[in-house]
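Each chain, letter by letter, is given below.
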Amino acid sequence: KNQVEQSPQSLIILEGKNCTLQCNYTVSPFSNLRWYKQDTGRGPVSLTIMTFSENTKSNGRYTATLDADTKQSSLHITASQLSDSASYICVVSAAGGYNKLIFGAGTRLAVHP
Amino acid sequence: DAGVIQSPRHEVTEMGQEVTLRCKPISGHNSLFWYRQTMMRGLELLIYFNNNVPIDDSGMPEDRFSAKMPNASFSTLKIQPSEPRDSAVYFCASSLGTSGVEQFFGPGTRLTVL
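Residues numbered from 1 in each chain as written. Chains lettered and ligands numbered in written order. Predicted model: local features only at pLDDT ≥ 70, side-chain atom pairs only at ≥ 80, totals over all residues. Heavy atoms only, no water.

Trainee: Lay out the sheet that holds strand S1 (residues 5–7) of chain B in plain terms, naming residues and giving numbers.
Mentor: All names here are of chain B. Ordered by their spatial adjacency, 4 strands build an open sheet running S1-S3-S8-S7, and the pairing between neighbours is antiparallel. Lying at the two open borders of the sheet, with one neighbouring strand each, are S1 and strand S7 (65–71). In this sheet, adjacent strand axes meet at a mean angle of 15° when their direction is disregarded. Looking at chain direction, S1 and strand S3 (residues 19–24) are connected through 3 bridges and run antiparallel. Across the sheet, the residue bridging to Gln-6 is Cys-23, located in S3. (Pairing = 2+ DSSP bridges. Helix = DSSP H or I, 4+ residues; strand = E, 2+ residues; numbered from the N terminus. Axes fitted to C-alpha atoms, helices over the stretch in contact; angles between N-to-C directions.)

Shown next as structure tokens:
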């Protein structure tokens, strides 16, 4: 069964600190992996999209890594800001057809001053 | 660009009533998705349209749910009759193509069925 699992479920850090969120998946065949940020009361917003051949991709203070061999990804946030408080959702697209998205449950991050 | 537009933003209704959610995708996008998000199940795809044609409706929970896309700039998701377990946030998303492209989500409609 195609699944995406994220850890931790929730995380609290102090402003200015770094953090890393984890994502493991069993989706096969694999097409691409995305990280979305979802602020409370809003729709998800894409941070990065990585294909099989990409190991790392950055978007400002967000850096995503992908190990397609171990089927693991991470999202590293550098120098966190209060505005980083949100849910971060790992999403994997299965190859074939129309590349249906399979969503993880998300990690809820709270950045405290 | 205004992004994906959804209405209403909030809907409170009583069990048994008909509910219609509306979506206007980003102009020029040819793929439209309806998702449902709950605390228990996270985000789930309900139905996917490509060029106004339903391609995958395997995520539609049951016959009480129906979706239409009469033209490239408008889609509806209808629940009739509604039940308390339908309470969730419903998102519409659109994209230009599907493979490896970004999906842009609307702000969602929070549905509460009493």
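Having put the structure on the table, let's press on.
Trainee: Got a sec to walk through the interface of chain A and chain B? Specific residues and values, please.
Mentor: Each side of the interface is counted separately: chain A has 16 residues, and chain B has 20 residues. Between chain A and chain B, roughly 1,400 Å² of surface is buried when both sides are summed, and carbon and sulfur atoms account for 55% of that area. Among the residues of chain A in contact with chain B, Pro44(A), Tyr98(A) and Phe103(A) are the three that bury the most area, contributing 38% of the side total. At the boundary of chain A and chain B, one finds 0 salt bridges. Taken together, the connections running from chain A to chain B amount to 3 residue pairs in polar contact (both at pLDDT 80 or more). Listing elements by their share of the side of chain A that touches chain B, those giving two or more residues are strand S4 (30–38), strand S5 (45–51) and strand S10 (101–103) of chain A. Of all the elements, S4(A) adds the most residues to the side of chain A that touches chain B, at 4 residues. (Contact = heavy atoms within 4.5 Å. Buried area = accessible area lost by both parts, 1.4 Å probe. Salt bridge = Lys/Arg side-chain N within 4 Å of Asp/Glu carboxyl O. Polar contact = N/O pair within 3.5 Å; in protein donor to acceptor, adjacent residues only side chain to side chain.)

Trainee: Account for the packing of aromatic side chains, with residues named and values stated.
Mentor: Residues and elements named next belong to chain B. Throughout the structure, instances matching the rule amount to 8 aromatic pairs over all chains. Where Phe-33 meets Tyr-35, the ring centres are 6.1 Å apart and the plane angle is 20°; that geometry is what we call stacked. Judged by relative accessible area, Phe-33 falls into the buried class, the value being 2%. Residue classification places Tyr-35 among the buried positions, given a relative accessible area of 1%. Where Phe-91 meets Phe-105, the ring centres are 6.3 Å apart and the plane angle is 80°; that geometry is what we call edge-to-face. (Phe/Tyr/Trp six-rings, centres within 6.5 Å; stacked < 30°, edge-to-face > 60°. Buried < 20%, exposed > 50% of the residue type's maximum accessible area, 1.4 Å probe, protein only.)

Trainee: Before we move on, can you summarise the pairing of strand S11 (residues 109–113) of chain B with the specific residues and values?
Mentor: Regular strands have side chains that alternate between both faces of the sheet. Residues and elements named next belong to chain B. Residues Thr-109, Leu-111 and Val-113 of S11 are buried on one face, while the alternating residues Arg-110 and Thr-112, pointing to the opposite face, are not. Here 4 bridges tie strand S2 (residues 10–13) to S11, and the two strands are oriented parallel to one another. Looking at S11, one finds that Thr-13 is bridged to Val-113. Note that strand S9 (residues 88–95) and S11 share 3 bridges and pair antiparallel. Within S11, the residue paired with Val-89 across the bridge is Arg-110.

Trainee: Requested: an account of the sheet that holds strand S6 (residues 56–59) of chain A, with residues and values cited.
Mentor: Residues and elements named next belong to chain A. Overall, antiparallel pairing links the 5 strands, which are arranged S1-S3-S8-S7-S6 in an open sheet. Whereas interior strands pair on both sides, the edge strands pair on one side only; in this sheet they are strand S1 (4–7) and S6. Strand-to-strand twist in this sheet, taken as the mean axis angle between neighbours without regard to direction, amounts to 15°.

Trainee: Can you lay out the state of the cysteines for me, pointing to particular residues and giving the numbers?
Mentor: Residue and element names in this part refer to chain B. Throughout the structure, instances matching the rule amount to 2 disulfides over all chains. The side chain of Cys-23 participates in a disulfide bridge whose partner is Cys-92; the two sulfur atoms lie 1.9 Å from each other. Classification of the bridge connecting Cys-23 and Cys-92 rests on its S-S torsion, roughly -65°, and on that basis the disulfide is left-handed. Of this pair, Cys-23 sits in strand S3 while Cys-92 sits in strand S9; the two residues are 69 residues apart in sequence, bridging distant segments of the chain. Judged by its relative accessible area of 1%, Cys-23 falls in the buried class. (Disulfide = S-S within 2.5 Å.)

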